[in-house]
Amino acid sequence: MRRRIQTPKEYYAALLICCLVLTITSILHSPKISSTKAPFITTIPTRKTFNMSSEEKPTVPDLLNRSKEDIIAYLGGIYEHSSWVAEQFHESLQTQNSTAAPKTVSELFRAMKEIVNNASHESKLELLKNHPDLCEKIERLSNLTEASRVEQSRAGLGSLTSDERAKFTSLNNAYKAKFGFPFILAVRNATKYTVLSSIEGRVGNMVEAEFVAALGQVHKIAWMRLLAGVRIDNPAGFLTCHVLDTANGCPAANMRIHLKRLSPPESAGFIAEYKTNSDGRLPSGPALKGTDFQVGVYEWTFFVGDYFASKNNELTGTPFLDEVPIRFGIDDPEEHYHVPLLVSPWSFSTYRGS
């Protein structure tokens, strides 16, 4: 038998419990609230920024088909703290035929680079001043953009020894006093030793020459950020090889070659083994093309000792050259990279051909 409520106090307590039960039940059984369908929910608007680590990277045409706000937000951080470059680029899109809009990452970069190059000296100087001091500890740089933080971490700039830091601090102070802007170097693929050697070499430049050199580094940083931020579905570039036997004056036929990708880490590893044809080239054509042709660091290994043994060249018991590794970088997915080898049992050379 239920107990009847006897007092006002008990009545109001029971009423409160009923309200709580009804509220909880309503929440549990109601559909999820979407901020786009609930105008009574307010949020503080934040400005979008470029995120090179985003998994959903657009192609260049996809990006340029977005709204003005999205384009400027995505490209605004390509040049450090200088969204005016992206804003002027968007303005230029409105004044040209759609067929003239950039289609590739190279074309997009050239368009943005031209805007910077045509800017006033004051705007360029401000752009240089927007960059952080390279070798200060990362945790002390509250004004670092995410892109700069990633770049400096990869270069190991937070691990300077006390002697290295003292050397850099001295050079950096002299550099800033002389030129009026911080030392700038594209460090994504550099080491702290590269940074220290570079500032030591550039601090003696004339002011006008260093202004141009620093701006060149800014463009290089922008290029690498663009590469990291857009998707390239079908790159036009490709990799080829040619081996010439300078001891016997002929193409090096039937030489065994290995190709490895060393970076980026997520795609590093052995790629393939090849054997040159009668012309000293790869019989299957380009070693890399299409989606396999990626920006990164690669290494050929040429088994020259085995080759010269087959040619009856006189070799020492321990061959002077047995395996010849050539490490090289691919920086532009739209270009042809030709990496040949000119070799004898005692010497070799290479270059970037075409």
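Bear in mind the structure is a predicted one, so any value in this text is a computation, not a measurement.

Here the focus is the overall build of the protein chain. Along its length, the protein chain carries eleven helices and eleven strands. Put simply, the protein chain has 354 residues, and 40% of those count as buried. Within the protein chain, counting contacts between residues at least 6 apart in sequence, those at least 24 apart form 69% of the total. When the accessible area of the protein chain is evaluated, it comes to approximately 20600 Å², of which 54% is carbon and sulfur surface.

All right, on to the sheet that holds strand S9 (residues 336-338) then. One open sheet accounts for three strands, arranged S6-S1-S9; its pairing is mixed. At either end of the open sheet lies a strand with only one pairing partner, and these are strand S6 (288-289) and S9. Where strand S1 (residues 238-240) meets S6, two bridges bridge the pair, whose relative direction is antiparallel. Within S6, the residue paired with Phe238 across the bridge is Lys289.

A word on helix H5 (residues 105-117). Between its first and last C-alpha atoms H5 spans 18 Å; for 13 residues at 1.5 Å apiece the expected length is 18 Å, and the two agree. All of the buried residues in H5 are Val105, Ser106, Leu108, Phe109, Met112, Ile115 and Val116.

This paragraph deals with the side chain of Glu80. In this structure, Glu80 sits in the loop between helix H3 (68-75) and helix H4 (84-94). Look at Glu80 and you get buried, because its relative accessible area is 1%. A distance of 2.6 Å separates polar atoms of two side chains, one belonging to Glu80 and the other to Arg225.

Mapping Ile232 onto the fold places it in the loop between helix H10 (207-229) and S1. Sequence-wise, Ile232 and Pro58 are 174 residues apart; in three dimensions their C-alpha atoms are separated by 8.5 Å. Beyond its immediate chain neighbours, meaning those up to four positions away, Ile232 contacts Val105, Leu227, Pro333 and Glu334.

Looking now at the packing of aromatic side chains. Per the counting criterion, the structure on display carries twelve aromatic pairs. A ring pair is formed by Trp300 and Phe302, whose centres lie 6.1 Å apart and whose planes are at 45°; its orientation type is tilted. In terms of burial, Trp300 and Phe302 fall into one category: buried. Above the face of the Tyr74 ring, Arg66 is positioned so that its terminal group lies 5.8 Å from the ring centre. For the cation-ring pair, Arg352 lies above Tyr337, with the distance from its terminal atom to the ring centre recorded as 3.7 Å.

Let's shift gears to H3. Helical geometry note: an α-helix holds 3.6 residues per turn, so side chains three or four residues apart project in the same direction. For H3, the set of buried residues is Ile71, Ile72, Ala73, Tyr74 and Leu75. Considering only its buried residues, H3 is in contact with helix H2 (60-64), H4, H5 and H10.

In this section: the side chain of His258. For His258, the position within the fold is in strand S4 (residues 256-263). Those residues in contact with His258 that lie beyond four places of it in its chain are Phe270, Ala272, Glu273, Glu299, Trp300, Thr301 and Phe303.

Taken N-terminus to C-terminus, the directions of helix H8 (residues 162-179) and H10 make an angle of 110°; their axes are 10 Å apart at the nearest point. For the element pair H8 / H10, the angle class is roughly perpendicular. Judged by residue contacts, Tyr175, Lys178 and Phe179 of H8 engage Val207, Glu210 and Ala214 from H10. Tallied by class, residues from the contact of H8 with H10 come to four nonpolar, no polar and two charged.

Our next topic: unusual backbone geometry. If a residue is not glycine, its phi is most likely negative; likewise, a peptide bond is most likely trans. Backbone torsion omega between Ser263 and Pro264 reads 5°, so that peptide bond is classified as cis. The topology assignment puts Pro264 in the loop between S4 and strand S5 (269-275). Residues other than glycine seldom take positive phi values, yet His81 does so here, at roughly 50°. The residue His81 is located in the loop between H3 and H4 in this model.

The nonpolar side chains of a soluble globular protein tend to be buried, and buried together. Core analysis: the biggest nonpolar cluster contains 50 residues, and Leu75, Tyr79 and Met112 have the highest contact counts within it. Broken down by element, the residue count for this core peaks at ten residues, all from H10. Aside from chain neighbours lying at most four places away, what touches Tyr79 is Val85, Phe109, Met112, Lys113, Val116, Leu127, Val218, His219, Ala222 and Arg225. Of all hydrophobic cores here, the second largest spans 28 residues; its members include Cys241, Met255, Leu321 and Phe328.

Thresholds, definitions, all that
Residues numbered from 1 in each chain as written. Predicted model: local features only at pLDDT ≥ 70, side-chain atom pairs only at ≥ 80, totals over all residues. Heavy atoms only, no water. Helix = DSSP H or I, 4+ residues; strand = E, 2+ residues; numbered from the N terminus. Buried < 20%, exposed > 50% of the residue type's maximum accessible area, 1.4 Å probe, protein only. Contact = heavy atoms within 4.5 Å. Areas by Shrake-Rupley, 256 points an atom, 1.4 Å probe, with all protein chains shown as cover. Pairing = 2+ DSSP bridges. Expected span 1.5 Å × (residues − 1). Polar contact = N/O pair within 3.5 Å; in protein donor to acceptor, adjacent residues only side chain to side chain. Phe/Tyr/Trp six-rings, centres within 6.5 Å; stacked < 30°, edge-to-face > 60°. Lys NZ or Arg CZ within 6 Å of the ring centre and 35° of its normal. Axes fitted to C-alpha atoms, helices over the stretch in contact; angles between N-to-C directions. Parallel < 35°, antiparallel > 145°, perpendicular 65-115°, else oblique. Nonpolar A, V, L, I, M, F, W, Y, C, P; charged D, E, K, R; others polar. Core = buried A, V, L, I, M, F, W, Y, C linked by side-chain atoms within 4.5 Å.

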